[in-house]
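Tertiary structure, described
In case you want the letters, here they are:
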Amino acid sequence: MSKILIRGAKVLGGAPQDVLIDGETIAEVGTGLSAEGAEVVEAGGKVLLPGLVDLHTHLREPGREDSETVLTGTRAAASGGYTAVFAMANTFPVADTAGVVEQVWRLGQEHGYCDVQPIGAVTVGLEGKKLAELGAMHESAAGVTVFSDDGKCVDDAVIMRRALEYVKAFGGVVAQHAQEPRLTEGAQMNEGVVSAELGLGGWPAVAEESIIARDVLLADHVGSRVHICHLSTAGSVEIVRWAKSRGIQVTAEVTPHHLLLTDELVRTYNPVYKVNPPLRTERDVLALREALADGTIDIVATDHAPHPHEDKDCEWAAAAMGMVGLETALSVVQETMVDTGLLDWAGVADRMSFKPARIGQATGHGRPVSAGEPANLTLVDTEYRGQVDPAGFASRSRNTPYQGRELPGRVTHTWLRGKATLVDGKLT
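This write-up is about the structure you can find in this document. (Residues numbered from 1 in each chain as written. Predicted model: local features only at pLDDT ≥ 70, side-chain atom pairs only at ≥ 80, totals over all residues. Heavy atoms only, no water.)

Right, let's talk about the overall build of the chain for a bit. Of regular secondary structure, the chain possesses 12 helices and 19 strands. For 428 residues, the compact-globule formula gives about 22 Å, and the C-alpha radius of gyration of the chain, at 21 Å, lands near that figure. Dimensions of the chain, computed from C-alpha atoms along their principal axes, come out at roughly 65 × 45 × 45 Å. For the chain, buried positions account for 61% of its 428 residues. At a minimum sequence separation of 6, the contacts of the chain that also span at least 24 residues come to 74%. As displayed, the chain has an accessible area near 15700 Å², and 48% of this comes from carbon and sulfur atoms. (Helix = DSSP H or I, 4+ residues; strand = E, 2+ residues; numbered from the N terminus. Rg over C-alpha atoms; globule rule 2.2 N^0.38 Å. Buried < 20%, exposed > 50% of the residue type's maximum accessible area, 1.4 Å probe, protein only. Contact = heavy atoms within 4.5 Å. Areas by Shrake-Rupley, 256 points an atom, 1.4 Å probe, with all protein chains shown as cover.)

As structure tokens, this is what we get:
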């Protein structure tokens, strides 16, 4: 049917309303709407949000299809309530040309579980030595507006300055993986009490904070936009807060795992907890939550980083860094931000849909749930609680830190331009 009536949904957590979808568009929002000619979805007080937008996803294709593909990654996204994801450039080959970003974009178009917007590399081959084809990627069919060497830091200040100058011409943004490489050589986990007791190489907070401080000053000097990927320390929060008070064009993201997990978990030596940047201290976790609540940190981004079994089921030192996150992100945000009273559901919509769409210029996404807007929506059973079972993931990889952990909330339905991609928790 071309018409769908979502009956009795709490739009952004408010009073129950009906939402009528006609084709690709929201036709009407109100109470007591007619169901004539429409398929009816009984929401029963579930929360209706605009489709989530992830500014930081690793889809691995091309080159690492053993970890993830655009198809499996977008199915995972739909399962988690996402209607748009931004695919990072650290593929094989690297997405540093118009040809590669167009390939990723077209794969997203073909599979249709969510929109895929490629992120272009800042430097050729992620090597940090020469700017990639930023203009050509922007002018390609993919229309790239976000550029990042994520997985590696653009540590050369001159290269970073030139990138900021280049993207300013077309309103783009450079998303920085803030990690001073000389300060993190041989690092295995957060530098602190736990790393000292375990005898693992420490990853100091200043390795992140020093790059952020440099880059916000560069952005101010150039008059361009910089975005900070996976911010993880209390000190980083204070630098971003200071920069925003100065009117510098900086935005920042936090991952769900940095809102919940701490470096104490590394005592298990379970490589599922090995991630870049590393899990930090309880003090950092609390600072990140407060910063997300007060708007210093703009958005939640998953940093969905799938790996095959053999890359994580090994000794700690040899294990790959990263965690899958698309299918659990909303539950972790409910646990850490909503159930703690730090954010309401309208705030979640702001941090997980409206703002990431705005930062990445995702047309048609991050829009209000109102008449005339694209029907990109997700319905959430916020009363649900259950244990995380990765065997049921749509992602090709299973490297989740939440296996067996009880989390709240469950996405039951996702609609992409009025087409159901998830119905009653099952992909269509």
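After that view, the rundown keeps rolling.
Another aspect to go through is the sheet that holds strand β9 (residues 146–147). Sheet strands pair by backbone hydrogen bonding; their relative direction is either parallel or antiparallel. With respect to topology, five strands assemble into an open sheet ordered β9-β10-β13-β14-β15, the strand pairing being parallel. The sheet terminates laterally at β9 and β15 (299–300), the two strands that pair on one side only. As paired strands, strand β14 (residues 250–254) and β15 are joined by two bridges and run parallel to one another. Residue Val-254 lies in a different strand from β15, and its bridge partner there is Val-300. (Pairing = 2+ DSSP bridges.)

Here we take up the sheet that holds strand β8 (residues 115–118). Read from one edge of the open sheet, three strands run β6-β7-β8, paired in parallel fashion. Taken across any chain shown, the strands that pair with only one partner, and hence form the sheet edges, are β6 (52–57) and β8. Going across the sheet, the axis of each strand differs from the next one's by a mean of 20°, ignoring polarity. Looking at chain direction, strand β7 (residues 82–87) and β8 are connected through four bridges and run parallel. By the bridge assignment for β8, Phe-86 is matched with Gln-117. (Axes fitted to C-alpha atoms, helices over the stretch in contact; angles between N-to-C directions.)

Turning our eyes to something else, we now look at the side chain of His-365. Take His-365: it is sitting in the loop between α12 (345–360) and β16 (377–387). Overall, the relative accessible area of 5% leaves His-365 in the buried class. At a separation of 2.7 Å, a polar atom in the side chain of His-365 contacts the side chain of Asp-115. If we ignore the near neighbours within four places in the chain, the residues touching His-365 are Val-53, Thr-83, Ala-84, Asp-115, Ala-357, Asn-376, Leu-416 and Arg-417. (Polar contact = N/O pair within 3.5 Å; in protein donor to acceptor, adjacent residues only side chain to side chain.)

The next thing to look at is the pattern of salt bridges. On inspection of all chains with the given rule, the structure shows 20 salt bridges. Glu-165 serves as the salt-bridge partner of Arg-161, at 3.0 Å between the closest nitrogen and oxygen. One end of the pair is Arg-161 and the other is Glu-165, both in helix α4 (residues 157–168) and four residues apart, which spans about a single turn. A relative accessible area of 31% places Arg-161 in the partly exposed class. Here Glu-373 and Arg-367 are joined by a salt bridge, their closest N and O atoms 2.9 Å apart. (Salt bridge = Lys/Arg side-chain N within 4 Å of Asp/Glu carboxyl O.)

On to unusual backbone geometry. In most cases, non-glycine residues show a negative phi, while peptide bonds are predominantly trans. Of note, the bond from Phe-92 into Pro-93 is cis; its omega dihedral lies within 30 degrees of zero at 5°. Looking at the secondary structure, you find Pro-93 in the loop between β7 and α2 (98–111). Put simply, Asn-276 and Pro-277 share a cis peptide bond, and its omega is -5°. If you trace the backbone, Pro-277 turns up in the loop between α8 (256–260) and α9 (282–294). Backbone geometry at Arg-60 places phi at a positive 70°, although glycine is not the residue there. For Asp-424, which is not glycine, the phi dihedral falls at a positive 50°.

For the rest of this paragraph, the subject is the environment of Glu-282. Mapped onto the secondary structure, Glu-282 falls in helix α9. Considering only alpha carbons, one finds Glu-282 and Asp-263, 19 residues apart in sequence, at a separation of 8.2 Å.

Formed by 78 residues in total, the largest nonpolar core has its most connected members in Leu-49, Leu-231, Leu-330, Val-348 and Met-352. Considering each element in turn, this core owes the most residues, six residues, to helix α6 (residues 205–222). Beyond its immediate sequence surroundings of up to four residues, Leu-330 is in contact with Leu-49, Leu-52, Gly-80, Trp-345, Val-348, Met-352, Val-380 and Val-411. Core analysis: the next-biggest nonpolar cluster, separate from the first, contains 19 residues, Leu-200, Tyr-273, Met-323 and Leu-407 among them. (Core = buried A, V, L, I, M, F, W, Y, C linked by side-chain atoms within 4.5 Å.)

Now for the packing of helix α1 (residues 70–79) against α2. Here α1 crosses α2 at 60°, and the two axes come no closer than 9 Å. In terms of orientation, α1 lies oblique with respect to α2. Crossing handedness for the pair α1 and α2: right-handed. Here Val-70, Leu-71 and Thr-74 of α1 lie close against α2, whose contacting residues are Leu-107, Gly-108 and His-111. The class makeup of the residues in the contact of α1 with α2 is three nonpolar, three polar and no charged. (Parallel < 35°, antiparallel > 145°, perpendicular 65-115°, else oblique. Left-handed = near helix turned anticlockwise from the far one by under 90°. Nonpolar A, V, L, I, M, F, W, Y, C, P; charged D, E, K, R; others polar.)

Attention now moves to the packing of aromatic side chains. In total, this model carries one aromatic pair according to the counting rule given. Just above the ring of Tyr-384 sits the side chain of Arg-410; from NZ or CZ to the centre is 5.8 Å. (Phe/Tyr/Trp six-rings, centres within 6.5 Å; stacked < 30°, edge-to-face > 60°. Lys NZ or Arg CZ within 6 Å of the ring centre and 35° of its normal.)

In this section: the side chain of Asn-376. Of note, Asn-376 is situated in the loop between α12 and β16. Among the polar contacts listed, one links the side chain of Asn-376 to the backbone nitrogen of Arg-417, at a separation of 2.7 Å. What Asn-376 contacts, discounting residues up to four positions off in sequence, is Leu-49, Pro-50, Gly-51, Thr-83, Gly-364, His-365, Trp-415, Leu-416 and Arg-417.

Among the six residues of β6, six are classified as buried, and the element is accordingly described as predominantly covered. Where β6 and β7 come together, four bridges link them in parallel fashion. Looking at β7, one finds that Asp-54 is bridged to Val-85. For the crossover that starts at β6, traverses α1 and ends in the parallel β7, the hand is right-handed. (Right-handed = clockwise from strand over helix to strand, strands pointing away.)

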